[in-house]
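# Examining the three-dimensional arrangement
So the chains spell out like this:
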Amino acid sequence: MSLLKRFTHGVVWTVLGTAGARLFSLAVAVALARLLGQKVFGELAMLQSTFGLGSVLAGFGLGLTATKHLAELRHKDPRRCGRLIALVLLTAAVTGGLATLACLAAAPWLAASFLQAPHLAFVLRLGSPLLLVSALLGVYTGCLTGFMAFRAIACLNLGQGLASVPLSLILVYLAGLPGAVLALIFSALAGLLLAVPALRRECRASGILLDYRGCLQERRTLVDFSLPAVLTGVLVSLATWISYTLLARQPGGYAELGLFHAASKLQVVLMFIPHTLSLVTGPLLAEIYGNRHRADFVQAANLNLKAAWSLTLLAGFLLIGASPWLMGVFGPAFRQGRTIPAVIITAAVLNLAGNTM
């Protein structure tokens with residue numbers, strides 16, 4: 001299959017899965033904003049940012065590690081791939097478990113000292129298992145991406161998105177903010193249940209057997225690749241979390257955070273384009289690099305950049321123009337933040353280069 005055909009095949013399936021998942025996520029966010037109100041929606045944003053930072057630490061860059069090495073080695077060294085998959089799965093279970101225990105222990109201190117909201121300690125503890133589930137799901141998704149199993153990933157994203165809608169609506173209606181956090185956990189579990197058999201099928205098709213006994217032979221990979229990857233991810237997540245905490249600590253901060261969180265959902269819609277393309281070109285570039293095909297590597301990189309820039313700039317202008325109406329969809333109280341999306345989307349476009357490579 002030619003490079004262009006492989007790129008197009010991957011993009012089509014990734015668009016179907018990711019677009020569906022993003023639409024479900026946006027629909028859930030709109031529903032939650034209306035059900036919870038502006039202030040509590042801001043508290044949910046703070047919790048999601050905290051869990052997001054914890055998930056980056058728990059994931060330890062293992063999903064990206066799996067993607068890179070499987071894309072590069074799955075045809076050349078199936079035995080090593082079996083060891084690598086076993087290693088990242090075991091490591092994710094350990095780091096995710098430790099992160100969950102740390103969140104359980106530190107929840108009262110985090111809620112009182114940083115979030116200035118002691119009542120959120122219970123919800124932080126309630127959501128702590130999300131760190132373990134997210135770490136495992138990240139590894140499984142990273143492995144599937146390394147196999148370039150874009151159809152399986154699309155089905156996973158759609159299934160997870162479909163599950164999140166009724167779960168979120170029912171649990172939030174019954175339990176409010178704790179219900180929203182439980183919905184996050186159950187949605188991630190739904191994704192994990194779909195990812196496990198999908199990875200087994202890909203391993204079987206490629207003749208890869210997981211080798212847990214010999215997986216420590218690949219431990220150097222954790223130092224050489226996973227550690228730099230998690231440090232990079234932590235810097236971004238930590239900066240976001242600190243920004244959220246600084247805003248939340250201001251008078252009326254959680255209500256303002258609710259406005260910002262609603263506007264950021266529009267940024268997620270915009271960044272869908274480069275994110276989708278990177279999911280395809282990431283493993284494709286890793287495979288080409290492993291095969292030392294320099295001309296194809298340059299062609300794929302240029303194709304990714306041109307597609308991402310042209311499509312994202314067009315979408316950015318459309319979103320900025322529609323932002324006053326889009327903010328009103330979240331509820332009447334959110335209309336006051338109609339200028340926020342323009343600033344967020346402009347910043348996202350300026351930062352596009354770092355998100356497309």
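Further up the page is the structure itself.
Residues numbered from 1 in each chain as written. Predicted model: local features only at pLDDT ≥ 70, side-chain atom pairs only at ≥ 80, totals over all residues. Heavy atoms only, no water.

### Things to note about the packing of helix H6 (residues 129-146) against helix H7 (residues 150-175)
Let me state the cut-off plainly: Only the stretch in contact is used when a helix axis is fitted, and all axes are lines through C-alpha atoms; the angle between N-to-C directions ranges over 0 to 180 degrees. To qualify as a helix, a DSSP run of H or I must reach at least 4 residues; to qualify as a strand, a run of E must reach at least 2; elements of each kind are numbered from the N terminus. For this analysis, residues touch if any pair of their heavy atoms sits within 4.5 Å.
Look at H6 against H7: their axes get within 10 Å of each other, and the N-to-C directions meet at 145°. Judged by residue contacts, Leu137, Thr141, Leu144 and Thr145 of H6 engage Ile153, Leu156 and Gln160 from H7.

### Quick look at the side chain of Thr91
We apply this condition: When accessible area is computed with a 1.4 Å probe and restricted to protein chains, residues below 20% of their type maximum are described as buried, those above 50% as exposed, and intermediate ones as partly exposed.
Within the fold, Thr91 resides in helix H4 (residues 78-114). Judged by its relative accessible area of 15%, Thr91 falls in the buried class. Apart from the residues within four sequence positions on either side, Thr91 is in contact with Leu62 and Leu222.

### A closer look at the side chain of Thr65
Inspection of the secondary structure assignment puts Thr65 in helix H3 (residues 62-73). What makes Thr65 buried here is its relative accessible area of 2%. Discounting residues that sit within four places of it in the chain, Thr65 has contacts with Thr221, Phe225 and Ser226.

### Details of helix H2 (residues 38-59)
Formally: Helices are assigned an expected span. That span is 1.5 Å times one less than the residue count.
The end-to-end C-alpha distance of H2 is 31 Å, a good match for the 32 Å that 22 residues give at a rise of 1.5 Å each. With 16 of 22 residues buried, H2 is to be regarded as a mostly interior element. Positive phi appears at Phe60, one or two residues downstream of H2, with a value of about 55°.

### Describing the packing of aromatic side chains
Under the convention used in this document: Classification of ring pairs uses Phe, Tyr and Trp, with its six-membered ring standing for Trp, and accepts pairs whose centres are within 6.5 Å; under 30 degrees between planes counts as stacked, over 60 as edge-to-face, and the remaining range as tilted.
Considering all chains together, one arrives at 5 aromatic pairs under this definition. Seen in terms of ring centroids, Phe41 and Phe334 are 5.9 Å apart; in terms of plane orientation they differ by 80°. Their pairing is edge-to-face. Of the two residues, Phe41 is situated in helix H2 and Phe334 in the loop between helix H11 (294-329) and helix H12 (340-350); the sequence distance between them amounts to 293 residues. For the pair formed by Phe41 and Phe334, the shared burial category is buried. For the ring pair Tyr244 and Phe260, a centre distance of 5.8 Å and an interplane angle of 90° mean the geometry is edge-to-face. Taken together, the residues span a long stretch of sequence, with Tyr244 in helix H9 (residues 220-248) and Phe260 in helix H10 (residues 253-290) at a distance of 16 residues. What links up through ring pairs into an aromatic cluster is the set Phe41, Phe330 and Phe334.

### A short note on the environment of Arg83
Counting through the fold element by element, Arg83 comes out in helix H4. Put simply, Arg83 and Cys215 are 132 residues apart on the chain and 4.3 Å apart in space, counted from C-alpha to C-alpha. The residues contacting Arg83, other than those within four sequence positions of it, are Asp211, Gly214, Cys215, Gln217 and Glu218.

### A word on unusual backbone geometry
You will see that Phe60, though not glycine, has its phi angle at about 55°, which is positive. With respect to the helices and strands, Phe60 occurs in the loop between H2 and H3. Positive phi is not limited to glycine here, since Gln116 has a value of about 55°. Residue position: Gln116 is located in the loop between H4 and helix H5 (121-127). On the accessibility criterion, Gln116 (46% relative accessible area) is partly exposed.

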